[in-house]
Amino acid sequence: MRKFPAPALAMVDSMRAAAAADPMRAIAFGGAPGSNSHQATMQFAPEALPLPCYGFEDALDAVRSGAAGAAMIPIENSQHGRVADIHFLLPESGLSIVAEHFMRITHALMALPNERGDFGPFQAAYSHPQALGQSREYLLARNIVPMSHADTAGAAAFVAEKGDPNLAALAPPMAAELYGLKIVEDAVEDAHDNTTRFVLLAKEPRDPAELTGGQETAMTTFVFEVKNVPAALYKALGCFATNGVNMTKLESYQKGASFAATRFYADAEGAPGDPRVDAALEELEFQCNSVRLLGSYAQARKRG
């Protein structure tokens, strides 16, 4: 059932009403108010109208339907890797990446006090699977069972709704204030430099001509499917090596059950219009079954 917990509903309704009045200013995000995606949205565009959606797919749907001008979506975390399903959702969305944003992620353990006025022991902690993975060692050391929820702030709202002091949530500290929980411990993530990369998606791609030849380093994200032949990936990567294009990310994934051909999600420095990038992509199309550009945008953080 795709419904926010009761403590979040009034805020969700208020934000949705504001976004409906000016949808082009709205940036959709997956999760309840107070989630990491909400905070990333406001960091990136303080003047935007945040539009909470139950999940990432709902946020993308909001852009496609015109309910929002863009969507802020997390795609990878420095500690826990790829955000589940994103490699499938982005190519199928029909939207284009127009910007990226990096945000330091911190989680707090939060709960309601028990009858004694203190906290714990906790039977379980609810959060998004990414947050649970980023705090795995912390939970394991305290024998707290991790329980998956649709998003971090939604987990905090869920714990508040349940009213059970034996349950806790892992969520941004902001969520404790929004949903009436108390912070038991701050900064429970296992790595001090825990960082998530977000991308901003819109209906219309950014014009690569705005990026080439400027002061900022351009990035291009694309997916490609190699042929099921020996050295297929070697030949694909050679397209970038021989043209002097720096590929900063390469990740494989399978679509369908045949396992006959592998797809790759990749980032490379530069944008179409740069002769080196154009040559690399042209050669890549020759070497692969398919190539699909997901967008070009300004690099937000220096790679390497």
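That block above? That's the structure.
## Quick word on the pattern of salt bridges
Evaluated as defined, the whole model comprises 13 salt bridges. Close ionic contact of glutamate 76 with arginine 197 constitutes a salt bridge, the shortest N to O distance being 2.9 Å. Here arginine 197 lies in strand S11 (residues 195-202) and glutamate 76 lies in strand S3 (residues 70-77), a separation of 121 residues in the sequence. Here the two residues glutamate 76 and arginine 197 agree in accessibility, since each one is buried. A salt bridge links arginine 276 to aspartate 274; the nearest nitrogen and oxygen atoms lie 3.2 Å apart. Among the residues examined, arginine 276 registers a relative accessible area of 41% and is labelled partly exposed. Residue aspartate 274 is classed as buried on the basis of its relative accessible area of 17%.

## Focus: unusual backbone geometry
Residues glycine 120 and proline 121 are joined by a peptide bond in cis, for which omega reads -5°. Backbone geometry at asparagine 143 places phi at a positive 55°, although glycine is not the residue there. Structurally, asparagine 143 is set in the loop between helix H6 (136-141) and strand S8 (145-148). One non-glycine residue, alanine 231, lies in positive phi territory at about 65°. Of note, alanine 231 is situated in the loop between strand S12 (218-226) and helix H9 (232-241).

## A word on a negative patch on the surface
Taken together, Asp278, Glu282, Glu283 and Glu285 make up a surface patch of like negative charges. Topologically, aspartate 278 is positioned in helix H10 (residues 275-287). Take aspartate 278: its relative accessible area is 34%, and that puts it in the partly exposed class.

## Re the pairing of S3
By the criterion of burial, S3 is predominantly enclosed, with eight of the eight residues buried. Where S3 lies against S11, six bridges are found, and the strand directions are antiparallel. Looking at the pairing, proline 74 lines up with phenylalanine 198 of S11. Here two bridges tie S3 to strand S4 (residues 81-82), and the two strands are oriented antiparallel to one another. Among the inter-strand pairings, asparagine 77 is bridged to a residue of S4, identified as glycine 81. The antiparallel hairpin formed by S3 and S4 contains three residues in its connecting segment.

## Some remarks on the packing of aromatic side chains
According to the stated counting rule, one finds six aromatic pairs in the structure shown. Between phenylalanine 88 and tyrosine 253 the ring centres are 5.3 Å apart and the planes differ by 90°, which places this aromatic pair in the edge-to-face class. With phenylalanine 88 in helix H4 (residues 86-93) and tyrosine 253 in strand S13 (residues 247-253), this residue pair connects regions lying 165 residues apart in the sequence. Note on phenylalanine 88: relative accessible area 29%, which makes it partly exposed. Look at tyrosine 253 and you get buried, because its relative accessible area is 5%. A ring pair is formed by phenylalanine 222 and phenylalanine 240, whose centres lie 5.6 Å apart and whose planes are at 15°; its orientation type is stacked. Taken together, the residues phenylalanine 222 in strand S12 and phenylalanine 240 in helix H9 connect sequence positions 18 residues apart.

## Brief notes about the environment of threonine 262
For threonine 262, the location among the structural elements is in the loop between S13 and strand S14 (263-269). Remark: the alpha-carbon pair of threonine 262 and serine 252, spanning ten residues in sequence, is separated by 6.7 Å. Sequence-distant contacts of threonine 262, defined by excluding residues within four places in its chain, comprise Phe224, Glu225, Val226, Ser252, Tyr253 and Gln254.

## Focus: empty space enclosed by the protein
A probe matching the size of a water molecule, rolled over the atoms, marks out where space remains unfilled. Considering all chains together, one arrives at one cavity of 30 Å³ or more under this definition. Within this model, the largest cavity holds a volume of roughly 40 Å³. Mapped onto the lining of the largest cavity, the elements with two or more residues apiece are S12, S14 and H10. Sort the elements by how many residues they give to the lining of the largest cavity and H10 lands first, with three residues.

## Some points on the layout of surface pockets
Estimated volume of the largest pocket: approximately 570 Å³. In terms of lining residues, the largest pocket is bounded by 31 residues, among which Phe56, Pro74, Val83, His128 and Ala150 are the most central. Of all the elements in the fold, those that place two or more residues in the lining of the largest pocket are helix H2 (36-44), helix H3 (56-65), S3, helix H5 (129-134) and S11. The leading source of residues in the lining of the largest pocket is H5, at four residues. When its residues are assigned to classes, the lining of the largest pocket shows eleven nonpolar, 15 polar and five charged. Of the voids in this model, the second largest pocket is the one considered here, and its volume is about 200 Å³. Along its surface, the second largest pocket is lined by 14 residues, and Glu76, Phe102, Arg197, Arg301 and Arg303 are the ones closest to its centre.

Each value, and the rule that gives it
Residues numbered from 1 in each chain as written. Predicted model: local features only at pLDDT ≥ 70, side-chain atom pairs only at ≥ 80, totals over all residues. Heavy atoms only, no water. Salt bridge = Lys/Arg side-chain N within 4 Å of Asp/Glu carboxyl O. Helix = DSSP H or I, 4+ residues; strand = E, 2+ residues; numbered from the N terminus. Buried < 20%, exposed > 50% of the residue type's maximum accessible area, 1.4 Å probe, protein only. Patch = residues over 30% accessible without salt bridge, like charges linked within 9 Å, V, L, I, M, F, W, Y side chains within 5 Å. Areas by Shrake-Rupley, 256 points an atom, 1.4 Å probe, with all protein chains shown as cover. Lys, Arg positive; Asp, Glu negative; His and termini not counted. Charge placed at Lys NZ, Arg CZ, Asp CG, Glu CD. Pairing = 2+ DSSP bridges. Phe/Tyr/Trp six-rings, centres within 6.5 Å; stacked < 30°, edge-to-face > 60°. Contact = heavy atoms within 4.5 Å. 1 Å grid on protein atoms, 1.4 Å probe; cavity = no way out; pocket = protein on both sides within 12 Å on 5 of 7 lines; lining within 4 Å. Points joined across faces, edges and corners; volume = space filled by probe spheres on them. Nonpolar A, V, L, I, M, F, W, Y, C, P; charged D, E, K, R; others polar.

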